[in-house]
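# A look at the structure
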Amino acid sequence: MSINPGAVACRRRNSGIDSKPWTQPVQVEPLKTSTSPTSGPEQNKSLFRTRDLYRSFDQGAVQALRGLNLVVEEGEFVAIQGPSGCGKSTLLQILGALDDPTQGDILFRDQPMKQIQDPALFRARMIGFIFQSFHLLPTLTVLENVQVPMLEMDWSRAEREKRAQALLQSVGLCDRL
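Here we summarise the structure given alongside this text. Note on numbering: residues in each chain are counted from 1, in written sequence order. In view of the model being predicted, local features appear only for residues whose pLDDT reaches at least 70, and side-chain atom pairs are presented and counted only at 80 or more, with totals across whole chains, interfaces and linings using the full set of residues. Where side-chain values are given, they derive from all heavy atoms of the structure, hydrogens and water being excluded.

### With respect to the overall build of the protein chain
Helical segments are the DSSP runs of H or I of at least four residues, strand segments are the runs of E of at least two, and each set is numbered from the N terminus. Assigned secondary structure in the protein chain consists of four helices and seven strands. Element order for the protein chain, N to C, with α for helix and β for strand: β-β-β-β-β-α-β-β-α-α-α. Relative accessibility under 20% of the residue-type maximum defines a buried residue, over 50% an exposed one, and the middle range a partly exposed one, all with a 1.4 Å probe and only protein chains included. The proportion of buried residues among the 177 residues of the protein chain is 31%. Computed with the Shrake-Rupley method and a 1.4 Å probe, the accessible areas treat only the protein chains shown as cover for residues. By element, 53% of the accessible surface of the protein chain is carried by carbon and sulfur atoms, the whole surface being about 11,400 Å².

In structure tokens:
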């Protein structure tokens, strides 16, 4: 199963920025097991795991996701690419707890995302989003813009600033400080 025709995933292991080249694009494949996403000792703990994920719009007229099975391991970079309308943004919105699937299961670190009580807190503490349009506030500096999602956290200003500097450094944007 795939996101939609033409959608592909590229993977890179390890969290180092330039540690390994991207692999060649491959079709997103179904899981190789017939057991449930959390069963079996042979399965490693994954960051995200989807099982038979569907998302439709307009009372089923538009099928953005059709039975997607995807595993993203800890420390792995995954780029989802494909033509406009193939379900890339829909998948990211679902993984980021911004939207719900029509059908299927999503696990974050082997825990069902359906059980997340506060999606905003989950996004603030567990994942980060950089939107296509960036949604930067023009009156804030780069450092301040990076800190905006951290305002949900119970961190001091100094802690937020230190974390924002580290994040900017990790993506090669220290020169923007």
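Structure shown, so let's carry the discussion forward.
### Quick look at the nonpolar core
We call a set of buried residues a nonpolar core when its members are Ala, Val, Leu, Ile, Met, Phe, Trp, Tyr or Cys and they connect through side-chain atoms within 4.5 Å of each other. Counting residues in hydrophobic clusters, the biggest one holds 15 residues, and the most contacted among them are Phe48, Leu53, Leu91, Ile106, Phe108 and Met113. Those elements that place two or more of their residues in this core are strand S3 (46–57), strand S4 (62–73), helix H1 (88–95) and strand S6 (103–108). A total of four residues in this core trace back to one element, the largest contributor, which is S4.

### Section: the packing of aromatic side chains
How two aromatic rings sit relative to each other is set out by the distance from centre to centre and by the angle between their planes. A pair of aromatic rings is counted whenever rings of Phe, Tyr or Trp (Trp by its six-membered ring) have centres within 6.5 Å, and the orientation is called stacked for planes under 30 degrees apart, edge-to-face for over 60 and tilted otherwise. As enumerated under the stated definition, the model contains two aromatic pairs in all. Aromatic side chains phenylalanine 108 and phenylalanine 122 sit 5.0 Å apart centroid to centroid with 90° between the ring planes, which places their arrangement in the edge-to-face category. Of the two residues, phenylalanine 108 is situated in strand S6 and phenylalanine 122 in helix H2 (residues 119–126); the sequence distance between them amounts to 14 residues. Classification of phenylalanine 108 as buried rests on a relative accessible area of 8%. Looking at phenylalanine 122, the relative accessible area reads 8%, which means it is buried. Of the aromatic side chains, those joined through ring pairs into one cluster are Phe48, Phe108 and Phe122.

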